[in-house]
Amino acid sequence: MEKKIKDLLVDQSDQFFGTKIEEKSVQFQLTRKEFEGDLTLVVFPFVKLLKLSPVDVANKIGQFLQENFTEIESFNVVQGFLNISLSSDYWKKTLQNIDSNNTYGREQLDSKATILVEYSSPNTNKPLHLGHLRNNFLGYSVAEILKANGHKVIKTQIINDRGIHICKSMLAWERFSPLNVNGERETPENTGLKGDKLVGKYYVVFDQEFNKEAKEIIAKWEENSFDGFSSQVVEQYQKFVSAKAGKDEKVQADLDAKIKDLAKNETSVLRDAKEMLVKWEARDPQTYLLWSTMNGWVYDGFKSTYEAMGVNFDRLYYESETYLLGKDLVSEGLSKGVFFKKEDGSVWVDLTADGMDEKLLLRGDGTAVYMTQDLGTALDRKKDYPDLEGVVYTVGNEQDYHFKVLFLVLKKLGYDWADKCFHLSYGMVDLPSGKMKSREGTVVDADDLMAEVVQSAKEMTSERGHLEGMSIEQKELLFKQIGMGGLKYYLLKVDPKKRMLFNPDESIELTGNTGPFIQYAHARINSLLAKAGGINEFNNALLGQEEKELIKVLAQYPSVIQEAGNTYSPALVANYCYELVKSFNHFYQSVPMLIEEDINVRDLRLVISRNVSKVIVDSLSLLGIDSPQKM
RNA sequence: GGCUGCGUGGCGCAACUGUAUAGCGCAUCAGAUUUCGGCUCUGAGGGUUGGGGGUUAGAAUCCCUCCGCGGUCACCA
């Protein structure tokens, strides 16, 4: 309807306004509930054109529109706002259209360009945590929303399966894992630990050894024993120490940190890890075997975590496979003169002209860095999907700079499709106790958290739910649906780019703006419809204010999906769904349904309920949340 | 310090590309319901949208500036 009015006004603007008007100057909003009407046109933009007062302008436009559209029943003017009331027939027809459309709100499947959505992308050296949950839910949901917008979507992740971080876990395991009676080191099988947890354990072990050794080195330095260190390092150290003299605490701490970094660089464990990386890139068989074994453990562990999260992928990329392409790109850039080489053989790109720094692309020893492999991955994808019209990278906002650089470098290499890459940057998840820090053990493990919310769902539902007649399996499924629904909704209802606070208790609340509240409303409608039996015609029903309000909310759904797609924001879908449920609860409370005597009115209300239920299910599915029939 | 993001009632969050009296949940208080699920609904109190300035008929929204809180500026990923 908005579009029809807009088209008419733009079309006839020459006669009506005496000049051509732009489409965007025709602005609509929903009429506020304290005024009468369904649709409001803001007339301020036209005041100057017609040289009349806002009220007169509104009246003139109102009359003009009413003459042209039978759907418009009446209008009223408040200041510069033209409130238009649409007829009962219009609303009933709207309801009918919604009711008869099985894919209401969605564009035709695969009717639009292909978009690749990358999310999750964990490191294979430690288990997933709360932050990953936000990432996964967000990425999955954005992919679903883009699908609903008609895009062909490929869900993907790049697995960071190579790099110095992996070598650290490998080294620590090889060196520090105790041998059992059979002379074996620890494995998931002989310890019963989840593979990702076991590997993560050794990453921590590495860090501890790393720090221990660094401390020992510093202790030596402090005793002026510099045997075995290069003169450069010693010089640096002495420079830092002399700089400390007479400075305040903060500066001193800063310098201490620098000294520590210096010492860390001199540790044997780090040197060995680096050596391991060089060996790995040279495909040393033994190193490769160790690497693939430990990665295998991690994948097994991740697999069960992904299953619990309810996310999936269409295509996986491994950095171990794309980093070589990245290296090729680097040579290509070198020969094109886009990059340059430093004396030690390392390769850089100079972005100072674009207001950024010089950025390392390849280490002096020839091994790849993060950027190298990301460049390779980007190219690889474009090769696999030549018709790609967009790439969404779901990665935390601490990497904003990285992606700015990545896209820019791609452009500099002449790949114009870099413009279609989008970094879906999201904020960190904080705990009430503050920031998550792995060193302080305040990381919330994803597996633990999911188990916990499912457990709470079990407790609450067993207490108050309607579980009679359900098998054990059905109940288990239900607890999962509720627990995960609560968790997902909690993490998705907030605008992605905002840093958010995670309160474990609130996430599984059943009242207020929560997933289970919405699921509950759906279950209730479901049982209502089951009791109602058959539904017939409602054409003769009188359309009341309550009914109309709810149809209006239903009618917004398609534009919500669109907007959510344009802005990559599941939060819009979540908030809409909540609004819908609240409107329904209000409706439910204020009008009788099953005991309504007028059969037409009864059926009208039931049809509305049926479609509310349909839209709830659909919008929750866009968030990756299930809608149980009973709970 | 450079770049970048954020700042909305006690707490957690909304407000589409500027627009009518800034909404919602939690918490607090007061009420409703012989109805289909009391995990529901209605109402009240609580805000000079971090401060100041500017653009506009109109600013939480755009611009400038200051303050506060993050992130980032690694031969880590």
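Residues numbered from 1 in each chain as written. Chains lettered and ligands numbered in written order. Predicted model: local features only at pLDDT ≥ 70, side-chain atom pairs only at ≥ 80, totals over all residues. Heavy atoms only, no water.

Trainee: Could you clarify how one ought to interpret the overall build of chain A in this entry?
Mentor: In terms of helices and strands, chain A carries 24 helices and 14 strands. Expressed as lengths along the three principal axes of its C-alpha atoms, the size of chain A is roughly 95 × 70 × 55 Å. Residues classed as buried in chain A amount to 51% of the 631 residues present. A separation threshold of at least 6 residues defines the contact pool for chain A, and within that pool the share at least 24 residues apart is 73%. Charge separation in chain A, taken as the distance between the mean sites of 77 positive and 93 negative side-chain charges, equals 1 Å. (Helix = DSSP H or I, 4+ residues; strand = E, 2+ residues; numbered from the N terminus. Buried < 20%, exposed > 50% of the residue type's maximum accessible area, 1.4 Å probe, protein only. Contact = heavy atoms within 4.5 Å. Lys, Arg positive; Asp, Glu negative; His and termini not counted. Charge placed at Lys NZ, Arg CZ, Asp CG, Glu CD.)

Trainee: Help me understand the domain arrangement of chain A in this model?
Mentor: Accessible area lost upon the coming together of the parts serves often as the stated size of an interface. Parsing chain A into structural domains produces domain 1 (2-86), domain 2 (88-160 + 447-631), domain 3 (163-229 + 266-313) and domain 4 (318-426). Using only C-alpha atoms to locate each centre, domain 3 and domain 4 end up separated by 27 Å. Each partner contributes to the interface: domain 3 provides eight residues, whereas domain 4 provides 10 residues. Between domain 3 and domain 4, roughly 640 Å² of surface is buried when both sides are summed, and carbon and sulfur atoms account for 55% of that area. It is Val278, Trp280 and Glu281 that lose the most area in domain 3 upon contact with domain 4, and together they represent 53% of the buried surface on that side. (Domains from an automatic or database assignment. Buried area = accessible area lost by both parts, 1.4 Å probe.)

Trainee: Can you walk me through the pattern of salt bridges in this structure?
Mentor: Side-chain pairing between opposite charges can occur once the charged atoms of the two side chains come close. Using the criterion set out here, one finds 34 salt bridges in the structure. Asp618 serves as the salt-bridge partner of Arg106, at 3.0 Å between the closest nitrogen and oxygen. With Arg106 in the loop between α5 (88-100) and β5 (112-118) and Asp618 in helix α24 (residues 599-622), the pair connects residues that are 512 residues apart, well separated along the chain. On the basis of relative accessible area, Arg106 is assigned to the partly exposed category, the value being 25%. Overall, Asp618 belongs to the buried group, its relative accessible area being 18%. The shortest N-O distance in the salt bridge between Lys212 and Glu209 comes to 3.7 Å. Placement of the pair is Lys212 and Glu209 together in helix α9 (residues 195-222), with a separation of three residues, close to one helical turn. The class for Glu209 is partly exposed, based on a relative accessible area of 21%. (Salt bridge = Lys/Arg side-chain N within 4 Å of Asp/Glu carboxyl O.)

Trainee: Can you walk me through the protein's contact with RNA strand B in this structure?
Mentor: Among the 67 residues in the neighbourhood of RNA strand B, the closest are listed as Asp344, Arg363, Lys435, Arg499 and Tyr588. Restricting attention to atoms of RNA strand B within 4 Å of the protein, one finds that 60% of them are sugar or phosphate atoms. Here Arg363 contributes a side-chain N or O atom positioned 2.4 Å from a phosphate oxygen of RNA strand B. At 3.2 Å, a side-chain N or O of Glu563 approaches a sugar or linking oxygen of RNA strand B. Across the surface near RNA strand B, the residue classes break down as 28 nonpolar, 21 polar and 18 charged. (Near = heavy atom within 4 Å. Polar contact = N/O pair within 3.5 Å; in protein donor to acceptor, adjacent residues only side chain to side chain. Nonpolar A, V, L, I, M, F, W, Y, C, P; charged D, E, K, R; others polar.)

Trainee: Would you mind going over the environment of Glu463 with me for this structure?
Mentor: One can find Glu463 in helix α17 (residues 446-464). With a relative accessible area of 65%, Glu463 lands in the exposed category. Between the C-alpha atom of Glu463 and that of His132, which follows or precedes it by 331 residues, the distance is 31 Å.

Trainee: Can you walk me through α5 in this structure?
Mentor: For an α-helix, the turn length of 3.6 residues means that residues three or four places apart are oriented alike. Helix length check: α5, at 13 residues, gives a terminal C-alpha distance of 18 Å against a target of 18 Å (1.5 Å per residue), a fit within 8%. Within α5, burial applies to Trp91, Lys92, Thr94, Leu95 and Ile98. The buried side chains of α5 occupy one side of the element, clustering within an arc of 155° when seen end-on. Seen from the open side of α5, the exposed residues pointing more than 90 degrees away from its buried face are Asp89, Lys93, Asn97 and Ser100. Among the structural elements, β4 (81-86), α21 (545-555) and α24 are those in contact with the buried residues of α5. (Expected span 1.5 Å × (residues − 1). Arc of directions from axis to C-beta.)

Trainee: Explain the nonpolar core to me, please; I cannot follow it from the model alone.
Mentor: Considering soluble globular proteins, one finds that nonpolar side chains tend to be buried as a cluster. In terms of nonpolar packing, the biggest core is built from 180 residues, with Ile5, Leu9, Ile61, Leu65, Leu133 and Leu487 touching the most fellow members. Listed in part, the 14 residues of the second largest apolar core include Ala214, Trp221, Leu255 and Ile259. (Core = buried A, V, L, I, M, F, W, Y, C linked by side-chain atoms within 4.5 Å.)

Trainee: Where do I start with the sheet that holds strand β12 (residues 421-426) in this structure?
Mentor: Strand pairing in a sheet relies on backbone hydrogen bonds. The paired strands run either parallel or antiparallel. Taken in spatial order, the five strands of this open sheet run β7-β6-β5-β11-β12, and their pairing is parallel. The two strands at the open ends of the sheet, each matched to only one other strand, are β7 (315-318) and β12. Ignoring strand direction, the axes of neighbouring strands in this sheet form an average angle of 25°. Bridge count for strand β11 (residues 388-396) against β12 is six bridges, and the pairing is parallel. (Pairing = 2+ DSSP bridges. Axes fitted to C-alpha atoms, helices over the stretch in contact; angles between N-to-C directions.)

Trainee: Before we go on, may I ask you to explain the packing of aromatic side chains in this structure?
Mentor: The description of two aromatic rings rests on the distance between their centres and on the angle between their planes. Overall, the coordinates contain 29 aromatic pairs when judged by the stated rule. When the centroid spacing of 5.9 Å and the interplanar angle of 50° are considered together, the rings of Phe403 and Phe407 count as tilted. Placement of both Phe403 and Phe407 in helix α16 (residues 400-412) is noted, with a separation of four residues, approximately one turn of the helix. The two residues Phe403 and Phe407 agree in class, both being buried. (Phe/Tyr/Trp six-rings, centres within 6.5 Å; stacked < 30°, edge-to-face > 60°.)

Trainee: Even after reading the chapter, I still don't get the pairing of β4, so can you show me in this structure?
Mentor: Where a strand is regular, its side chains alternate between the two sheet faces. Of all six residues making up β4, five are buried, and the element is well covered by its neighbours. Sheet topology note: the strand β3 (residues 72-78)/β4 ladder contains six bridges and is antiparallel. Each bridged residue has a counterpart across the sheet, and for Ile72 the counterpart in β4 is Leu86. Between the antiparallel neighbours β3 and β4 lie two residues, among them Gln79 with a positive phi of about 50°.

Trainee: Is there a simple way to think about unusual backbone geometry in this case?
Mentor: Residues other than glycine seldom take positive phi values, yet Asp110 does so here, at roughly 55°. Its place among the elements puts Asp110 in the loop between α5 and β5.

Trainee: Whenever I open this one, the sheet that holds strand β10 (residues 358-362) confuses me. Can you help?
Mentor: If you trace the three strands from one edge of the open sheet to the other, you get β8-β9-β10, paired in antiparallel fashion. Strands with a single pairing partner mark the edges of an open sheet, and in this sheet they are β8 (339-341) and β10. For this sheet, the mean inter-axis angle between neighbouring strands, taken without regard to orientation, is 35°. The sheet strands contacting helix α14 (residues 319-336) are β8, β9 (347-350) and β10, and the helix crosses β8 at an angle near 90°.

Trainee: What should I look at first to understand the environment of Asn600 in this one?
Mentor: Relative to the helices and strands, Asn600 is located in helix α24. Residue classification places Asn600 among the buried positions, given a relative accessible area of 17%. Put simply, Asn600 and Asn540 are 60 residues apart on the chain and 6.3 Å apart in space, counted from C-alpha to C-alpha. If we skip the residues at most four places from it in the chain, Asn600 touches Glu537, Phe538, Asn539, Asn540 and Ala541.

Trainee: Got a minute to help me understand a negative patch on the surface in this structure?
Mentor: Taken together, the side chains of Asp448, Glu452, Asp505, Glu506 and Glu509 make up a negatively charged region of the molecular surface. Counting only elements with at least two residues in the negative patch, the list comes to α17 and α19 (504-507). In this fold, Glu452 is placed in helix α17. Given a relative accessible area of 46%, Glu452 falls into the partly exposed group. (Patch = residues over 30% accessible without salt bridge, like charges linked within 9 Å, V, L, I, M, F, W, Y side chains within 5 Å. Areas by Shrake-Rupley, 256 points an atom, 1.4 Å probe, with all protein chains shown as cover.)

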